[in-house]
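# Report on the structure
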Amino acid sequence: MKRLKVSNNVIRRLPRYLRKLDELTENGVSRISSFELGHQLGLTPSQIRQDFSCFGEFGQQGYGYNVPALRDQIAAILGMDRGFTAILIGVGNIGHALMDNFCFAEWGFRLAAAFDINPELIGTVFNGVPIYSMDDLEKFLAENKVDVAVLTVPKEAAISVTARLTGCGIDAIWNFTNLELTEPNSPTIVENIHFSDSLLSLSYYVAERKDEIAARAARAEKQ
Ligand code: ATP
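These numbers were taken from a predicted model, which means no experiment stands behind them.

### Side note on a nonpolar patch on the surface
Taken together, the side chains of Leu199, Leu202 and Val206 make up a nonpolar region of the molecular surface, amounting to roughly 290 Å² of accessible area. By relative accessible area, leucine 202 is classed as exposed at 52%.

### A word on the sheet that holds strand S4 (residues 109-116)
One open sheet accounts for seven strands, arranged S5-S6-S4-S3-S7-S8-S9; its pairing is mixed. In the strand order of this sheet, the two ends are held by strand S5 (125-126) and strand S9 (189-192), each with one partner. The sheet contact formed by strand S3 (residues 84-89) and S4 spans six bridges and is parallel. Its bridge partner being in S4, isoleucine 89 is matched across the sheet by phenylalanine 115.

### Regarding the layout of surface pockets
What the largest pocket holds in volume is close to 1500 Å³. Around the largest pocket sit 34 residues that line it, and Ile11, Pro15, Leu78, Phe109 and Glu191 are the ones nearest its centre. Elements with a contribution of two residues or more to the lining of the largest pocket: helix H1 (8-26), S3, strand S7 (148-151), strand S8 (172-175) and S9. For the lining of the largest pocket, the element with the highest residue contribution is H1, accounting for seven residues. Taken together, the residues of the lining of the largest pocket sort by class into 24 nonpolar, two polar and eight charged.

Here is what the cut-offs are and how they apply
- Counting from 1, residues in each chain are numbered in the order their sequence is written.
- Note on the predicted model: pLDDT of at least 70 is required for a residue's local features to be given, and 80 or more for side-chain atom pairs to be given and counted; whole-chain, interface and lining totals, by contrast, use all residues.
- In computing side-chain values, all of the structure's heavy atoms are included and hydrogens and water are not.
- Each patch is assembled from residues with relative accessible area greater than 30% and no salt bridge, linking like charges that lie within 9 Å and nonpolar side chains (Val, Leu, Ile, Met, Phe, Trp, Tyr) that lie within 5 Å.
- Throughout, the Shrake-Rupley method with a 1.4 Å probe supplies accessible areas, and for residues the shown protein chains are the sole cover considered.
- What counts as a salt bridge is simple: a side-chain nitrogen of Lys or Arg found within 4 Å of a carboxyl oxygen of Asp or Glu.
- When accessible area is computed with a 1.4 Å probe and restricted to protein chains, residues below 20% of their type maximum are described as buried, those above 50% as exposed, and intermediate ones as partly exposed.
- A pair of strands counts as paired when DSSP detects no fewer than two bridges linking them.
- Numbering goes from the N terminus for both helices and strands, where a helix is a DSSP run of H or I of at least four residues and a strand is a run of E of at least two.
- Cavity and pocket criteria rest on a 1 Å grid covering protein atoms alone: a 1.4 Å probe that fits but cannot get out defines a cavity, protein on both sides within 12 Å along at least 5 of 7 lines defines an open pocket, and an atom within 4 Å of a point defines a lining residue.
- Grid points are joined across faces, edges and corners, and a volume is the space filled by probe spheres set on the points.
- All residues other than Ala, Val, Leu, Ile, Met, Phe, Trp, Tyr, Cys, Pro, Asp, Glu, Lys and Arg, Gly among them, are scored as polar; the first ten of these are nonpolar and the last four charged.

Okay, here's the thing in structure tokens:
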């Protein structure tokens, strides 16, 4: 696939486009204009056209976009058809919740194995995924093609486990440990997930709205 350098903001919008196109497909919509797509996503039509132009020409003048074709192209750009494999490290509350409720396969990932240090978990199988000892991590990574490690160990274990993963040349880490992992000298790609980021953005807007209402009330009182 031909890849131009694409901004992070565009990449961050692609999953949103995919979700919307999935929804449209489910509702039997097979064709959509950039105007309508923009309207439904709160973006301008030119923003949509500009985003898609980063990857080549998708739409046709006067026709708009073919929804299933655009969906498949975006899925391919996102790598969903590459058959990526993941492992999960740390089968505690968050690890269990992900293995139980998050459908890796829907997003193109196969969850091949999980690892932990707890002897009660080692050797068991959860939702069809075997849980191995951390002692076997390096051997497993040497013998199996693994692209991404999902990191759900406690914060205190994050650095040492990351060092082992990068030492094995893992491509990427999906990091739920709440410790901001930055590996400037490592080729490993890290996506740090902080649930609080999203809640705090929401908190900002709630606070802003309440301040505006209070300011309006104060102005009205003065008059
Ligand atoms: P959380 O809600 O964060 O998952 P928890 O209370 O369920 O928390 P933690 O103490 O955070 O449990 O540990 C998560 C899992 O990580 C546990 O199953 C624990 O055995 C495992 N774990 C701890 N240290 C390591 C390590 N160094 N390598 C692999 N697994 C580890």
